[in-house]
Structure formats: structure tokens, C-alpha cells
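Chain by chain, the residues run as shown.
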Amino acid sequence: MLLFLSRLSELTDRLVRILLVPFALFTILIVFFEVLMRYVFRAPIITSVELARLGFVWSCFFGATVCFKRQKHIQFLFFTENFGRRGKRIVQATVDLLSLGFFLFLMVKGIQMAEAVEPTYFPALGWSQLWLYLPLPLNALFMLIHTIARLGDQLSATAPPREGHKVP
Amino acid sequence: MMIPVLIISFVVLAVFSVPVALAVGISVLIAVAFFTPFPTLGLVQRMVTGIDSFVLMAIPFFMLTGRLMNEGGITDRIFEFARCLVGPIRGGLAHANVLASMIFAGMSGSAVADAGGLGMVEIKAMTDQGYRKEFAAAITVASSTIGPIIPPSIPMVIYGAMAEVSVGQLFLAGFVPGILMGLSLMGMVYFLSFREHMPKDKGYRFVEIWHSFRKAFFPLLTPVILIGGILSGIFTPTEAAAVSTIYAFALSFVVYKTVRIKDIPSILIDTFVTTAVVMFIISTTAGFSWLLIIGKIGKVLQELVFSLTRSPWLVLLCINVVLLFLGCLMEAGVLLILLTPIFVPMMTAMGVDLVHFGVIIVLNLMIGVATPPVGMCLFVVSEANNIKLERLMREIIPQVIPLILVLFVVTYFPDLVLWLPRWLMAPR
């Protein structure tokens, strides 16, 4: 079971990294081509801002998920790093449990939010606003998978020491 | 009751090593669920709308530009050019270090990109010429703080989006303070150069200067394209950021051939992961700001301050002291995101220009990235160059003094900051 969770987490991470690249590239290119079309070809892309916003929101949430997997989110370690091995493990497990609860909340409420905005549309694109809100519950699910896998590691006591973007 | 619960729960969670973005999100969730009549769906909505911003999109673009410039070996060209200009002065390479940071600041917008990329080139050249490694590292850290002051600037984009201030005006307002920072650091280097017996380069012939200028010509065009494009109304700051990214890519990929297509995915992933560190905090902080508005914290703080003093200068002095202190303890981006919604209403009520305040807050926080114990650039430089953090911390102190002097000049002479945006972006 633990091995399955760990593999699922790795697979999810790979999938998110693969998805992140085209979304990020698209966001940059659409903004650049808007300038090009407007000033060189005198033919502005009226949907460019909405497309770029969509690409950016998706890229940010994908980035946040990769960041969470790599434990790169900013955290303060000056207090807990003085704890003993057992204390550190308890703190880490508590943090993971809190994260699990929060991601569960984001996933459930995110789906409700996406459903609530589904009948509203982007003015220029004509697409449902659902596409703007969807990355939140989706990435909450991905981060939930990473958290469960990490908790599994904790239980089996094989967790690597916390690395990440430390602020001592 | 809601605000104390919000703040206390955030502090407790953050102290117990919950990632800042999650600590903010969880404390907002607790406050909304138990102390307001509002549905928790509001938090989810704000998490998306908080980052659904065309202005904030400039952040990864500027990061990517800096990264491509570093990967593409463009930083070497900039440093060589700076060296030709100021190398013959006593302490020439230290002066070149500062000047190169000022030039690179016009392309990147991140202090860490400067310290981590250009900084490596500078420290190597300085130690090769006999400078103490600690001194070379300290001047690199100090000069990297100019990066987000001279436009473009990632923290100013964040501040502009959160305070609803023109990013173009903020960029222009950063010019004079950035140049003052550079000159003051060069002054300090010159002062120290006699004590440290610093070497100087031989005089460069005009041909050599011309040659280094030609090598650095295309990178040097980046700030011209950026600022020129914004001022002429050709593009917005976000579009300028995208154009500069494509330009940096073209230079690295087509002209200098130092970046390959297969490098692009990893560069993109790294950039967006770094962006996400900030964006995820902004996302959860949107709910935090919403609760601060509901709790009328701005008004409460304002009444508290007004009961003590009504002098904007005294309040700005207190804010500077608080920010310098907090900047030593907390990460600059986190502080900027958390404090902007608290300070901005008070500044508006006191009649302080928000563009001026933006430069003050960013300058304060940039001094924070160079000061112990929590200076991000200190960590980057000490780690990359294998220098003990304690030794670097001791070495940085004299370099921070001129930066603090500039901060006070910028605080008390607002016209120094505002004349350029007023002149160039005045309604015609």
C-alpha cells in the first residue's frame, strides 16, 4: 500500500511537470504574440488577456503542486529545528495532517465553486469560468496525494529529513 | 475576536513549521468558519481571484529573463563591460561588481537572480585578483539588493498588484533610488579600498572599452526595450516582461547559442516552481486581506497611530524601523504580501503617495535580504561559494550602512523618487 502511494505520488509529480511546461510556454507566447499582432500586424488578439490569465492560473497551481512535492514552500524552521528526532517527527506528522485537511477542504469546496461558476462565461472567449476555477480542486487533489504518500512514509519511519526552502 | 484568532493561529502554525502559504490558508479558514457569518466558499473564490491577475503575470516572465541571461552567459559580458568602465579606479573589481548589478537590475528584477547568477562571475573574478572572498561575497550580496529597485522589479509588481498602484510609475520611481544605492555602495568601496589595499586594473584603451561594449550591446538593449516600450505606450509592464523573456531567449538560443531547446522544459519548470512559492502565498493571502478589510484592521491601526501622532514623517520612521527589524527575521516576499494590505490604507489616510511608499517598503525589504539572520541573498552566496555564513554576516555590516542611508534619503525626500514618474508619465 505504501509503495503504491509512493509510486502514485511520483507519477502525479511527473504528470504535473509534463503539464506545467505547455501551460507556462503558452502563457508567455500568448502575451508576446498579442504585442506582435497589435503593433506589427495591426490585428490584436481580443481573447489574449483571458487566455493568458487562464494559462497563468493553471501554471501557478501546477507550480505550487511541484513545489509542494519538492518541499520548497517557505517555512520557518528556527523553532522546530531545536526539537529532538521524535519531536521533529511529531511536528512533521501534525503539519502533514493539517495540510491533508486543508487540501481536502480545497478539493471539496473547489469543486463546489467550479460548479457554481459554470454558467458564467469569459466575455471574449465565451468559455465557462469553470476553467478558471478547475485548477484549484485538481491541484488540491494532487497535493493531497503527495501528503498521503508523505504521511505513509512517516508512519513507516522512512521519511527523509525535511529539506525545502528553509527560513531558519 | 476574528482578527486576534486569525493572527494568533497564523503565528502558531508558522512557528510550528507549517509552510507559510498553508499557515495563512488554514488560519483564514478557521477565522471564516468560526468567527464570521460568511460561507467558506469565499476563501476558495479569493484564492483563485487573488492570482487571476494580468499584472502578476510579469513575475515569472522577469524571473525567466534573469534565468536565461544567467544561463546564456550574458552576465559575463555585462561584468566585463562594467570592469572596463570602472576597473582602473582603486577597488576596481568591487566597483565593477556594483555597476554590473546596476546594469543587470535593468534586465532581471530579482535580487536572488543577481546574487546567484552574476554574483558567481563577480566573486570568481575578484578572488582571482586577490580580493578576500568574504569581502567579494559581501559586496555581491549588498549590490544584489539594487536588482529589484532599478526597473524591472518583481517586488514592485507584487506591491503594485496588491496596492492597486501603477506598476509603470513604480518602475520609474525606482530609478533614482537604485542609482543612489549603487553610488553609495561605490563610495563605501572606495572608502574601504585603502584599508583593504584593494588592487586596481590597468587603464583600458578606448578600443578595449568599445570591444566590451559591442560584446554587451544586445544584453544592454534589454532595459531600453523594456522601459522604452512601457513609456512609449507600446506595451504594458506585463507585456514588456514577456517581450524581454523572448528577447533573452533569442539572445541565449539564437545569437550566443548557449541555451539548447532541451534545456527549456527544466528552465520553465524551475521558474514556475519558484514563482509558485510566491503565488501560492498571494493566493491564500487574498483571503487574509479580505478578513482584514472585514475586521476594519486598517481603520483600527490608523486610529491607534493617529492617537499617538499625526506626522507622516514620524509614522514613516516607525514603519522603516519595524520593516528593517522584520526584514531581518522574515522572508521579504512574505512580508511584502502580508504587510501591504495592512499599511496601504493607513498611508492613503495620511496622504503619503502610494508610489513613494511602494519604493520605501521594497527598499526596506531588500535591505532585509542582505541582513542577518534571514537574508535570502546571504544564504545563496554563502552556499554557492562555500563561505561560512557567520563570516559573511560580519562582513556585510559596513555594506548595509550606505543602503540604510539611502533608505532614509528616499523616505524624507519624496520628490527624489517621484519626479521621474511625474515627469514621464504625467497625463498629457
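Chemist: Explain the overall build of chain A to me, and be specific about the residues and the numbers.
Modeler: Looking only at helices and strands, one finds five helices and two strands in chain A. For chain A, the N- to C-terminal ordering of α and β elements is α-α-β-α-α-α-β. A principal-axis box enclosing the C-alpha atoms of chain A has dimensions of 65 × 35 × 30 Å. Burial status across chain A gives 48% buried among its 168 residues. Excluding contacts between residues fewer than 6 apart, the proportion of contacts in chain A whose partners are at least 24 apart in sequence is 78%.

Chemist: Please provide a residue-by-residue account of helix 3 (residues 41–49) of chain B, values included.
Modeler: For helix 3 of chain B, the set of buried residues is Gly42(B), Leu43(B), Val44(B), Met47(B) and Val48(B). Buried residues along helix 3 of chain B sit in contact with helix 2 (48–69), helix 3 (85–117), helix 4 (130–133) and helix 5 (135–155) of chain A together with helix 2 (20–35) and helix 13 (264–294) of chain B.

Chemist: If you had to explain the packing of aromatic side chains to someone new, which residues and values would you point to?
Modeler: In this description, a pair of aromatic rings is defined by centroid distance and the angle of the planes. Tallying each qualifying case throughout the model produces 25 aromatic pairs over all chains. Judged by centre distance (5.3 Å) and plane angle (70°), the ring pair of Phe79(A) and Phe83(A) falls under edge-to-face. Taking relative accessible area as the criterion, Phe83(A) reaches 25% and is therefore assigned partly exposed. The interplanar angle of 85° and the centroid separation of 5.3 Å between the aromatic rings of Phe79(A) and Phe16(B) together place this pair among those described as edge-to-face.

Chemist: Could you give an account of the interface of chain B and chain A, with specific residues and numbers?
Modeler: Each side of the interface is counted separately: chain B has 58 residues, and chain A has 57 residues. Summed over both partners, the interface of chain B with chain A buries about 5,100 Å², with 83% contributed by carbon and sulfur atoms. Between the two partners, chain B and chain A, sit three salt bridges. Ionic pairing is found between Glu239(B) and Arg38(A), a salt bridge with its closest N-O pair at 2.7 Å.

Rules used throughout
- Residues numbered from 1 in each chain as written.
- Chains lettered and ligands numbered in written order.
- Predicted model: local features only at pLDDT ≥ 70, side-chain atom pairs only at ≥ 80, totals over all residues.
- Heavy atoms only, no water.
- Helix = DSSP H or I, 4+ residues; strand = E, 2+ residues; numbered from the N terminus.
- Buried < 20%, exposed > 50% of the residue type's maximum accessible area, 1.4 Å probe, protein only.
- Contact = heavy atoms within 4.5 Å.
- Phe/Tyr/Trp six-rings, centres within 6.5 Å; stacked < 30°, edge-to-face > 60°.
- Buried area = accessible area lost by both parts, 1.4 Å probe.
- Salt bridge = Lys/Arg side-chain N within 4 Å of Asp/Glu carboxyl O.

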